[in-house]
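One-letter residues, chain by chain:
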Amino acid sequence: MVREIRENELQALLELYLFLHETEVPETTDRLRETWEAILADPNHHIIVKEAEGKIVSSCVCVVIPNLTRSVRPYAFVENVVTHKDFRGRGYATECLRYAKKLAEEANCYKMMLLTGSKEASTLEFYRHAGYNSTDKTAFVQWI
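Residue indices begin from 1 for each chain and proceed along its sequence in written order. Only residues with pLDDT of at least 70 get local features here, since the model is predicted, and only at 80 or more are side-chain atom pairs given and counted; chain-wide, interface and lining totals rely on the full set of residues. Side-chain measures were taken over the full set of non-hydrogen atoms in the model, leaving aside hydrogen atoms and water.

S.K.: I would appreciate a short explanation of helix α3 (residues 92-106) in the present structure.
M.R.: For the α-helix, the turn length of 3.6 residues means that residues three or four positions removed from each other point alike. A helix here means a DSSP run of H or I that spans at least four residues, while a strand means a run of E at least two residues long, and both kinds are numbered starting from the N terminus. Here the expected length of a helix is defined as 1.5 Å per residue gap, with one fewer gap than residues. An ideal rise of 1.5 Å per residue puts 21 Å on 15 residues; α3 measures up with 21 Å between its terminal C-alpha atoms. Exposed residues in this analysis have more than 50% of their type's maximum accessible area, buried residues have under 20%, and partly exposed residues fall in between, with area computed by a 1.4 Å probe over protein chains only. All of the buried residues along α3 are Y92, A93, T94, C96, L97, A100, L103 and A104. Contacts are assigned to residue pairs with any non-hydrogen atoms lying within 4.5 Å of each other. Looking at the buried residues of α3, the elements they touch are β1 (2-4), β2 (45-52), β3 (55-65), β4 (75-83), β5 (112-114) and α4 (121-129). After α3 finishes, the residue N108 shows a positive phi value of roughly 65 degrees.

Quick look at the structure:
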């Protein structure tokens, strides 16, 4: 089942993020709780999860960003696409990305974007197969 995350699933999500780029689950602090509450309260911030075998095994974030150009149509940004290593290759991340696209379409977004730090051919092909291209835009990142 693909759906949006529930309030009581923060710990499961943080554990899944260990397969993204995190090295440890962050300590439960006021800052973490406040950030979680802000995400849950934001109608434009969607954490999409795939549940299999009774646990969250894949996820992505889709944020709809209001915009003053393109006929005042928003755009969507996808981030933190991850699948538990034991569940890869089953199409679960693709399901999450399709759900994100549905949300973006319902919000009347004119485009969706994502960035990946991966140079792996299989990862890049995965995103191409999911409908993204790397030819229309050039991304620049400034780390702070």
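S.K.: I would appreciate a short explanation of the state of the cysteines in the present structure.
M.R.: Note that a disulfide, as used here, is simply two cysteine sulfur atoms within 2.5 Å. According to the stated counting rule, one finds zero disulfides in the structure shown. In this model C96 remains outside any disulfide bridge; the closest cysteine sulfur is found in C60, 5.2 Å from its own. With no disulfide of its own, C109 lies closest to C62 among cysteine sulfurs, the gap being 6.7 Å. Residue classification places C109 among the buried residues on the basis of a relative accessible area of 11%.

S.K.: Would you take a moment to explain the environment of E15 for this structure?
M.R.: Topologically, E15 is positioned in helix α1 (residues 10-16). Taking C-alpha positions, E15 is 9.5 Å from I56, a pair spaced 41 residues apart along the chain.

S.K.: What is the right way to look at the layout of surface pockets in this model?
M.R.: Take a probe with the size of a water molecule and roll it over the atoms, and the empty space left behind shows itself. In this model, the largest pocket occupies a volume close to 990 Å³. Lining the largest pocket are 31 residues, and of these M112, M113, L114, Y132 and N133 lie nearest its centre. No other element matches α3, which puts six residues into the lining of the largest pocket. Under the scheme applied here, ten amino acids are nonpolar (Ala, Val, Leu, Ile, Met, Phe, Trp, Tyr, Cys and Pro), four are charged (Asp, Glu, Lys and Arg), and all others, including Gly, are polar. Broken down by class, the residue content of the lining of the largest pocket amounts to 15 nonpolar, eight polar and eight charged. Site definitions follow a grid-based scheme: protein atoms alone, a 1 Å grid, a 1.4 Å probe that fits but cannot get out for cavities, and for pockets an open set with protein on both sides within 12 Å along at least five of seven lines, plus lining residues having an atom within 4 Å of a point. Grid points are joined across faces, edges and corners, and a volume is the space filled by probe spheres set on the points. Of the voids in this model, the second largest pocket is the one considered here, and its volume is about 820 Å³. Lining the second largest pocket we find 27 residues, and of these L20, V81, T116, T123 and Y127 sit closest to its centre. Breaking the lining of the second largest pocket down by element, the ones donating at least two residues are β4, α3 and α4. By residue number, the principal contributor to the lining of the second largest pocket is β4, which donates six residues. Of the residues belonging to the lining of the second largest pocket, the class tally is 14 nonpolar, ten polar and three charged.

S.K.: Teacher, can you tell me more about the sheet that holds β2 here?
M.R.: Strands pair in a sheet through their backbones, by hydrogen bonds, and they do so in one of two ways: parallel or antiparallel. Each pair of strands is called paired provided DSSP finds at least two bridges between the two strands. With mixed pairing, five strands are arranged side by side in an open sheet as β1-β2-β3-β4-β5. Two strands in the sheet have a free side with no partner beyond their single neighbour: β1 and β5. Shown here is a sheet whose adjacent strand axes are inclined to one another by a mean of 30 degrees, direction ignored. Orientation is described by lines fitted to C-alpha atoms, with helices fitted over the stretch in contact, and by angles between N-to-C directions that extend from 0 to 180 degrees. Set on the sheet, α3 makes contact with β1, β2, β3, β4 and β5; between it and β2 the angle comes to about 145 degrees.

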